[in-house]
Amino acid sequence: AQSVTQLDSQVPVFEEAPVELRCNYSSSVSVYLFWYVQYPNQGLQLLLKYLSGSTLVKGINGFEAEFNKSQTSFHLRKPSVHISDTAEYFCAVTQRPGGFKTIFGAGTRLFVKA
Amino acid sequence: DAGVTQSPTHLIKTRGQQVTLRCSPKSGHDTVSWYQQALGQGPQFIFQYYEEEERQRGNFPDRFSGHQFPNYSSELNVNALLLGDSALYLCASSDDRPGFSGGTDTQYFGPGTRLTVL
């Protein structure tokens, strides 16, 4: 079984400041890792994913994440946030080799202030 | 490419009623999964359909059932609605065959159906 823990329920940050959203996971098998973003009253949009290879993954909208197997973490970062980045962010895992159910964290609300 | 589409957008029902939600997968995708997202929480897996059969199921009662059609579209049915069934219901599609490699290992989500049970 897998589980995902997002360590911060809310992260307030000023515009143009850097941000890190933390995610830890637990699994007895190999997993794929994902970050999704959800804007108010919308579905989930894929930000980035780690399947294999380089542990630093770049996604859309200037976001990146680093897979750390020893610490079972997959933290999301952005060097300079914009007001438009205000949204709910979800970390998720799915068992390899693919096609299995996705387990989501509870979400982190990123609030960017002017 | 229209992506994953869902209908209706919003729905209001009363306790005890039945509801059917619909989903059309992204072009080229044949696996459809359904998730329930309660307010302030992350999505919870309900079940997955592939080749018109339920392949995986989450911890949801039998009141939740589904169907997949030959064109890969899917329906989610909920019977005997409870107040606690109020949520955003998300459909996701992929080209992955459950348990096998060879797909893109990525799900794409629709905009969801907001169900309110009064």
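Keep in mind that this is a model prediction, so the values were computed, not measured.

(A) Here's a closer look at the sheet that holds strand E8 (residues 74-78) of chain B. All names here are of chain B. If you walk across this open sheet you meet the four strands as E1-E3-E8-E7, and the pairing is antiparallel. The sheet terminates laterally at strand E1 (5-7) and strand E7 (64-68), the two strands that pair on one side only. Neighbouring strand axes in the sheet, compared pairwise and without regard to direction, differ in orientation by 20 degrees on average.

(B) Fine view of the side chain of Asp 85 of chain A. Looking at the element boundaries, Asp 85 of chain A is found in the loop between strand E9 (73-78) and strand E10 (87-95). What Asp 85 of chain A contacts, discounting residues up to four positions off in sequence, is Phe 63, Lys 78, Leu 110 and Val 112 of chain A.

(C) Seen up close, the environment of Glu 15 of chain A. All names here are of chain A. Take Glu 15: it is sitting in the loop between strand E2 (10-14) and strand E3 (19-21). Sequence separation between Glu 15 and Gly 53 is 38 residues; the distance between their C-alpha atoms is 32 Å. Glu 15 has contacts with Val 81, His 82, Ile 83, Val 112, Lys 113 and Ala 114, leaving out every residue within four places of it along the chain.

(D) Layout of the pairing of strand E6 (residues 53-57) of chain B. All names here are of chain B. Direction of pairing for strand E5 (residues 44-50) relative to E6: antiparallel, over a ladder of four bridges. Bridged to Tyr 49 within E6 is Glu 54. From the end of E5 to the start of E6, which pair antiparallel, there are two residues, and Glu 51 there has a positive phi angle of about 50 degrees.

(E) Main features of the environment of Val 112 of chain A. Residues and elements named next belong to chain A. Relative to the elements of secondary structure, Val 112 occurs in strand E12 (residues 108-113). The exposure class of Val 112 is buried, given its relative accessible area of 4%. Sequence spacing of Val 112 and Ala 87 is 25 residues, and the spatial spacing of their C-alpha atoms is 8.9 Å.

(F) Summary view of the state of the cysteines. Inspection of the entire model under this criterion finds two disulfides over all chains. Note on cysteine connectivity: Cys 23 of chain A is disulfide-linked to Cys 91 of chain A, with sulfurs 2.0 Å apart. For the disulfide bridge between Cys 23 of chain A and Cys 91 of chain A, the dihedral angle about the S-S bond is near -65 degrees, and by the sign convention the bridge is left-handed. Linking Cys 23 of chain A in strand E4 (residues 23-27) with Cys 91 of chain A in strand E10, this pair joins segments that are 68 residues apart in sequence. The exposure class assigned to Cys 91 of chain A is buried, which follows from its relative accessible area of 0%. Note on cysteine connectivity: Cys 23 of chain B is disulfide-linked to Cys 91 of chain B, with sulfurs 1.8 Å apart. Sign of the S-S torsion, about -60 degrees for the bond between Cys 23 of chain B and Cys 91 of chain B, identifies this disulfide as left-handed. Of this pair, Cys 23 of chain B sits in strand E3 (residues 19-24) while Cys 91 of chain B sits in strand E9 (residues 87-94), and the two are 68 residues apart along the sequence. Judged by relative accessible area, which is 0%, Cys 91 of chain B ranks as buried.

The rules we used
Residues numbered from 1 in each chain as written. Chains lettered and ligands numbered in written order. Predicted model: local features only at pLDDT ≥ 70, side-chain atom pairs only at ≥ 80, totals over all residues. Heavy atoms only, no water. Pairing = 2+ DSSP bridges. Helix = DSSP H or I, 4+ residues; strand = E, 2+ residues; numbered from the N terminus. Axes fitted to C-alpha atoms, helices over the stretch in contact; angles between N-to-C directions. Contact = heavy atoms within 4.5 Å. Buried < 20%, exposed > 50% of the residue type's maximum accessible area, 1.4 Å probe, protein only. Disulfide = S-S within 2.5 Å.

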